[in-house]
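Below, each chain spelled out in residue letters.
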Amino acid sequence: MDRRNLLPIGQFSQAGGLSITALRHYDASGVLVPTFVDPVSGYRYYRRDQVRTAQSIRALRQLDIPVEEVRRLLGGGQEELVAALRAHLWAAERRLEVQRSTVHSLLSRLTEGAEMTHRVTVRQGAAERILVRGATLDNSGLDAFLRAAYQEMYEVAGRGPLALTGPAFVRFHGVCDDENETLVEACLPFWEDGAQPTDLPEGLTVRELPETTLACTEVEGAAAAFPRILGAYDAVADWITRHDFAFAGPVRLVYRRWTGTPDAPDNRMEIAWPIAEPSA
């Protein structure tokens, strides 16, 4: 083996920005294998063109991308690597947005109190007959699901034609964010004494919701978009617990005014949580 065009592990470590310990680990895991290993000394040697690979590995690991994923990306070609980096950047920006919103919400609650930014009222929700499309998902799939579900439901309503009795709303049966998935139901209320839907697509159902008391707050514009809207959910939940009510069902997100764009200034959403008097 001609070693004149090879770099010993010490020089390669400095050029690639990876420690000797890390290089041994990446060799064992198949991420960056030396070109030649001296059979007597066990000393590792690398080609000069492997320096750029080492630098890429260092950068990918600095982004907290797991070793196995790094190995897969490096073996998949430049196009796949570029796509993965763009996806990682989007996810990082998303996490930063959520963290920024969370910090601002906490500061507001600590310095002003939730009631200063979210006025909670109580209203009576009428009994309703609704079209329902449900799915179990996290926040990343929420927008696409709701758009498809409501497009389908409005098409069904138009064939009736159904007489709609109120704004569309969503029921969340648990926490739906970037880390948790839950059952989400898109709902569209219609008049029970008018035309009724027929030949429903699979998975689309009709359901009866009973009359219920709702603790509510409204948000507009950017405050109605995720993640800032989470502060409104928290404010209603805090109000319910402080006033000794019981939580009586899935929280609702009501589309009081919706432009189709999540952070449009004309959007107006209502958080409505079913409540009941606590049992003795």
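Preceding this paragraph is the structure being described.
Residues numbered from 1 in each chain as written. Predicted model: local features only at pLDDT ≥ 70, side-chain atom pairs only at ≥ 80, totals over all residues. Heavy atoms only, no water.

Draft legend 1. Looking closely at the pattern of salt bridges. The tally for this structure, following the rule as stated, stands at 14 salt bridges. The salt bridge involving Glu-185 is made with Arg-207; its shortest N-O contact spans 2.7 Å. You can see Glu-185 sitting in strand E7 (residues 182–190) and its partner Arg-207 sitting in strand E8 (residues 204–209), a full 22 residues away along the chain. Residue class for Glu-185 comes out buried when judged on its relative accessible area of 5%. The residue Arg-256 makes a salt bridge to Glu-270 at a minimum N-O spacing of 3.0 Å. Within this pair, whereas Arg-256 is found in strand E11 (residues 251–257), its partner Glu-270 is found in strand E12 (residues 268–276), the two being separated by 14 residues in sequence. What emerges from the salt-bridge pattern is a single network uniting Glu-69, Arg-72 and Glu-80. (Salt bridge = Lys/Arg side-chain N within 4 Å of Asp/Glu carboxyl O. Helix = DSSP H or I, 4+ residues; strand = E, 2+ residues; numbered from the N terminus. Buried < 20%, exposed > 50% of the residue type's maximum accessible area, 1.4 Å probe, protein only.)

Draft legend 2. Layout of the sheet that holds strand E3 (residues 44–47). The strand order across the open sheet formed by three strands is E1-E3-E2, and the pairing between neighbours is antiparallel. On the outer flanks of this sheet lie strand E1 (6–8) and strand E2 (36–37), each paired with one strand and no other. Two strands pair when backbone bridges link them, and E1 and E3 are joined in this way by three bridges, in the antiparallel orientation. Within E3, the position partnered with Pro-8 by the bridge is Tyr-45. (Pairing = 2+ DSSP bridges.)

Draft legend 3. Layout of unusual backbone geometry. Residue Gly-160 is joined to Pro-161 through a cis peptide bond whose omega torsion reads -15 degrees. Mapped onto the fold, Pro-161 is located in the loop between helix H7 (142–159) and strand E6 (169–172). Its identity as a non-glycine residue notwithstanding, Asp-64 has a phi of 65 degrees, on the positive side. Relative to the assigned elements, Asp-64 resides in the loop between helix H3 (50–62) and helix H4 (67–74). At Asp-199, a position not held by glycine, the phi torsion is positive, near 50 degrees. Secondary-structure assignment places Asp-199 in the loop between E7 and E8.

Draft legend 4. Here's a closer look at the packing of aromatic side chains. Within this structure, the stated rule accounts for nine aromatic pairs. A ring pair is formed by Phe-36 and Tyr-45, whose centres lie 5.9 Å apart and whose planes are at 40 degrees; its orientation type is tilted. An identical accessibility class is assigned to Phe-36 and Tyr-45; each is buried. For the pair Trp-239 and Phe-245, a centre-to-centre distance of 5.6 Å together with 10 degrees between the ring planes defines the contact as stacked. (Phe/Tyr/Trp six-rings, centres within 6.5 Å; stacked < 30°, edge-to-face > 60°.)

Draft legend 5. Spatial organisation of the state of the cysteines. For the structure on display, the rule yields zero disulfides. Cys-176 takes part in no disulfide bond, and the closest cysteine sulfur to it belongs to Cys-187, at a distance of 14 Å. For Cys-176, a relative accessible area of 12% puts it in the buried group. In this structure Cys-216 is a free cysteine whose sulfur lies 15 Å from that of Cys-187, the closest cysteine sulfur available. (Disulfide = S-S within 2.5 Å.)

Draft legend 6. Representation of the packing of H3 against H4. The N-to-C vectors of H3 and H4 enclose an angle of 135 degrees; their axes lie 10 Å apart at closest approach. Taken together, the axes of H3 and H4 are oblique relative to one another. Where H3 crosses over H4, the two elements pack in a sense that is right-handed. Facing Thr-53, Ser-56, Ile-57, Leu-60 and Arg-61 of H3, the residues of H4 in contact are Val-67, Val-70 and Leu-74. (Axes fitted to C-alpha atoms, helices over the stretch in contact; angles between N-to-C directions. Parallel < 35°, antiparallel > 145°, perpendicular 65-115°, else oblique. Left-handed = near helix turned anticlockwise from the far one by under 90°. Contact = heavy atoms within 4.5 Å.)

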